[in-house]
Amino acid sequence: MNLNCFNNGGEAISHPGFSRKYINGSLNKFTYDEKAVNNIVVIALAMMCVGLLALLGAAVLLGGSMERSLNSGTFTQLDVQILDSKTLKIEHKGGDTLNFGKSTSIYLQQNGIEYEISPDPPVVLGIANEMKLSLPEEVELKDGDSAIILIKNVRNNKIIYRKVLILGA
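Here's a quick rundown of the structure.

How two aromatic rings sit relative to each other is set out by the distance from centre to centre and by the angle between their planes. Per the stated rule, a full pass over the model turns up zero aromatic pairs. Lying across the ring of Y107, K152 places its NZ or CZ 5.0 Å from the centre.

Printed below as a string of structure tokens:
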């Protein structure tokens, strides 16, 4: 039996153009008529992925430190602790060197009063260094007391570091 004898609208079934025409027509109908995913959904998912990547990148760059101000202009990681009721410890963990007493000042806020506790003579604090400071005479922290520590760049009046400290926590 000769397959070329059977016609489908004037074309032979075994004709190579028939199968190409049939497959292309089916594919075109599928790709244009019935899309699997809407373009808006694809764009929304892409934007969410970019946003998540940006958040992860920011977390990595900041090192998890929420105390550091983003708009300070300096990139410094510090750790500030209250050792006892009259002593404060500042540890430099990375970033720009700080010149306490000249371009950088330390402030303690407690009960609505702000005290400057910058060292005298000035101290330059670099990476992997630490310093201990005595709190002012009128300030004595007891267990459960809280205070806010601010480290500011005096020249451009920007906050480098801010942290709420609680003694005994």
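Turning our eyes to something else, we now look at the environment of V123. Residue placement: V123 occurs in strand β8 (residues 123-125). Taking the C-alpha atoms as reference, V123 lies 5.9 Å from N99; in sequence the two are 24 residues apart. If near-sequence neighbours (up to four positions away) are discounted, V123 is found in contact with L98, N99, F100 and M131.

Our next topic: a nonpolar patch on the surface. The grouping of V37, V41, V42, L45 and M48 at the surface amounts to a nonpolar patch, some 440 Å² of accessible area in total. Along the chain, V37 falls in the loop between α1 (16-33) and α2 (39-62).

If you trace the three strands from one edge of the open sheet to the other, you get β3-β4-β9, paired in antiparallel fashion. What marks the edges here is a single partner per strand, and that holds for β3 (76-84) and β9 (130-134). If you compare each strand with its neighbour and ignore which way they point, the axes differ by 20° on average. Judged from the eight bridges that link them, β3 and strand β4 (residues 87-95) form a sheet pairing that is antiparallel. Bridged to Q81 within β4 is K89.

Conventions and cut-offs
- Residues numbered from 1 in each chain as written.
- Predicted model: local features only at pLDDT ≥ 70, side-chain atom pairs only at ≥ 80, totals over all residues.
- Heavy atoms only, no water.
- Phe/Tyr/Trp six-rings, centres within 6.5 Å; stacked < 30°, edge-to-face > 60°.
- Lys NZ or Arg CZ within 6 Å of the ring centre and 35° of its normal.
- Helix = DSSP H or I, 4+ residues; strand = E, 2+ residues; numbered from the N terminus.
- Contact = heavy atoms within 4.5 Å.
- Patch = residues over 30% accessible without salt bridge, like charges linked within 9 Å, V, L, I, M, F, W, Y side chains within 5 Å.
- Areas by Shrake-Rupley, 256 points an atom, 1.4 Å probe, with all protein chains shown as cover.
- Salt bridge = Lys/Arg side-chain N within 4 Å of Asp/Glu carboxyl O.
- Pairing = 2+ DSSP bridges.
- Axes fitted to C-alpha atoms, helices over the stretch in contact; angles between N-to-C directions.

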